[in-house]
Amino acid sequence: MVEQGVKAIVVACNTATAAALGTLRTRFALPFIGVEPAVKPAATSTRSGVIGVLATPTTLASECFRALLDRFARDARVLQQPCTGLAEHIERGDTDDEATEALVRGFVEPLLAAGADAIVLGCTHYPFVAHIVQRIAGPHVTVIENGTAVARELSRQLAARGIRKPAGVGRQTFWVSGAPAEAEHVLGRLWAPEVRVRSLPF
């Protein structure tokens, strides 16, 4: 990506952020923006004092996540729900069928039973099934993702360096480590009907 001349890189994965963000910032001069579960806004918005976090097991076990709870959620009860297999399920393009709803329901209902009134989507895959989470949780539960906050931070960092483009639409190219044809099929369902997909050079 650096060789392609990018201005900044968003590490759009909570697990990868926890594992590698510090190293990336040390090795490269351009700005890296990480992501983390939106615990802070959840702690602010909860009325019951109970927050549910849907995330991968690796994210929930990370030191970064523990530090996040210590900084922002000391006064809340945080229910950690590992969602084994959900990201892989979404990567197949399954985001609105009965099997997906059953899988999500199994993760969400224990949080509701324990009194959570704010549910954090702690994986960047999960906004693709946010509508299912909200439907299961009901209108009185706030479902929170961090995409808007990440975009705002990216904009801020580009502006601070004087490299933010004032207007216009950029182009999108997807570089994948797997088979481009498979990625193209899934991206066609999750992103847009026509996408440009290339293989990463190794």
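Cut-offs and rules
- Residues numbered from 1 in each chain as written.
- Predicted model: local features only at pLDDT ≥ 70, side-chain atom pairs only at ≥ 80, totals over all residues.
- Heavy atoms only, no water.
- Helix = DSSP H or I, 4+ residues; strand = E, 2+ residues; numbered from the N terminus.
- Rg over C-alpha atoms; globule rule 2.2 N^0.38 Å.
- Buried < 20%, exposed > 50% of the residue type's maximum accessible area, 1.4 Å probe, protein only.
- Areas by Shrake-Rupley, 256 points an atom, 1.4 Å probe, with all protein chains shown as cover.
- Lys, Arg positive; Asp, Glu negative; His and termini not counted.
- Charge placed at Lys NZ, Arg CZ, Asp CG, Glu CD.
- Axes fitted to C-alpha atoms, helices over the stretch in contact; angles between N-to-C directions.
- Parallel < 35°, antiparallel > 145°, perpendicular 65-115°, else oblique.
- Left-handed = near helix turned anticlockwise from the far one by under 90°.
- Contact = heavy atoms within 4.5 Å.
- Nonpolar A, V, L, I, M, F, W, Y, C, P; charged D, E, K, R; others polar.
- Phe/Tyr/Trp six-rings, centres within 6.5 Å; stacked < 30°, edge-to-face > 60°.
- Core = buried A, V, L, I, M, F, W, Y, C linked by side-chain atoms within 4.5 Å.
- 1 Å grid on protein atoms, 1.4 Å probe; cavity = no way out; pocket = protein on both sides within 12 Å on 5 of 7 lines; lining within 4 Å.
- Points joined across faces, edges and corners; volume = space filled by probe spheres on them.
- Salt bridge = Lys/Arg side-chain N within 4 Å of Asp/Glu carboxyl O.
- Expected span 1.5 Å × (residues − 1).
- Arc of directions from axis to C-beta.

Turning our eyes to something else, we now look at the overall build of the chain. A count of helical and extended segments in the chain gives 9 helices and 8 strands. Taking 2.2 N^0.38 as the reference for a compact globule, 202 residues should give roughly 17 Å; the C-alpha atoms of the chain span a radius of gyration of 18 Å, in line with that estimate. In terms of its C-alpha atoms, the chain occupies a principal-axis envelope of roughly 50 × 40 × 30 Å. Here the chain holds 202 residues, and the buried ones make up 38% of them. For the chain, the exposed area adds up to about 11800 Å²; of that, 55% sits on carbon and sulfur atoms. One finds the centroid of the 21 positive side-chain charges in the chain at a distance of 11 Å from the centroid of its 19 negative side-chain charges.

What follows is about the packing of helix H6 (residues 98-113) against helix H7 (residues 130-137). With their axes 9 Å apart at the nearest point, H6 and H7 run at an angle of 50° to one another. Relative to H7, H6 is oriented oblique. Handedness of the H6/H7 crossing: right-handed. Together, Thr100, Glu101, Val104, Arg105, Val108, Glu109 and Leu112 of H6 and Ile132, Val133, Arg135, Ile136 and Ala137 of H7 make up the contact between the two elements. Classifying every residue of the contact of H6 with H7 gives 7 nonpolar, 1 polar and 4 charged.

In this section: the packing of aromatic side chains. A complete count under the given rule lists 2 aromatic pairs for this structure. Where phenylalanine 28 meets phenylalanine 32, the ring centres are 6.0 Å apart and the plane angle is 40°; that geometry is what we call tilted. Measuring from centroid to centroid gives 5.7 Å for phenylalanine 174 and tryptophan 191, while their planes differ by 80°, and the two rings are edge-to-face. Remark: tryptophan 191 occurs in the loop between helix H9 (180-190) and strand S8 (197-199) and phenylalanine 174 occurs in strand S7 (residues 174-176); sequence separation between them is 17 residues.

Note on soluble globular proteins: their nonpolar side chains tend to be buried together. Counting 25 residues, the largest nonpolar core has Leu54, Leu86, Val104, Val108, Ile119, Tyr126 and Val133 as the members making the most contacts within it. Among the secondary structure elements, those contributing two or more residues to this core are strand S3 (50-55), helix H5 (86-91), H6, strand S5 (118-121), H7 and H9. Counting residues in hydrophobic clusters, the runner-up holds 16 residues, among them Ala55, Leu69, Val78 and Val120.

Before going further, it helps to spend a moment on the layout of surface pockets. Approximately 630 Å³ is the volume attributed to the second largest pocket. Gly34, Val35, Glu36, Pro37 and Leu68 are, among the 30 residues lining the second largest pocket, the residues nearest its centre. Among the elements that make up the lining of the second largest pocket, the one with the highest residue count is helix H8 (residues 147-160) (6 residues). Broken down by class, the residue content of the lining of the second largest pocket amounts to 15 nonpolar, 8 polar and 7 charged.

Following the criterion strictly, the structure yields 9 salt bridges and no others. A salt bridge links glutamate 36 to arginine 71; the nearest nitrogen and oxygen atoms lie 3.9 Å apart. Of the two residues, glutamate 36 sits in the loop between strand S2 (32-33) and helix H2 (39-45) while arginine 71 sits in helix H4 (residues 63-72), which places them 35 residues apart along the sequence. Since its relative accessible area comes to 39%, glutamate 36 is described here as partly exposed.

It helps to recall that an α-helix has 3.6 residues per turn; residues three or four apart then point in one direction. Counted at 1.5 Å a residue, the expected span for H8 with its 14 residues is 20 Å, and the 20 Å between its end C-alpha atoms agrees. When we look at burial in H8, the residues that qualify are Val150, Gln157 and Leu158. Take H8 and look down its axis: the buried residues cluster within an arc of 100°, on one side only. Looking at H8, the residues exposed on the side facing more than 90 degrees away from the buried face are Arg152 and Ala160. Against strand S1 (9-10) and S2 lie the buried residues of H8. Glycine 162 sits one or two positions beyond H8 and adopts a positive phi of about 70°.

Read these as spatial facts, not as claims about activity.
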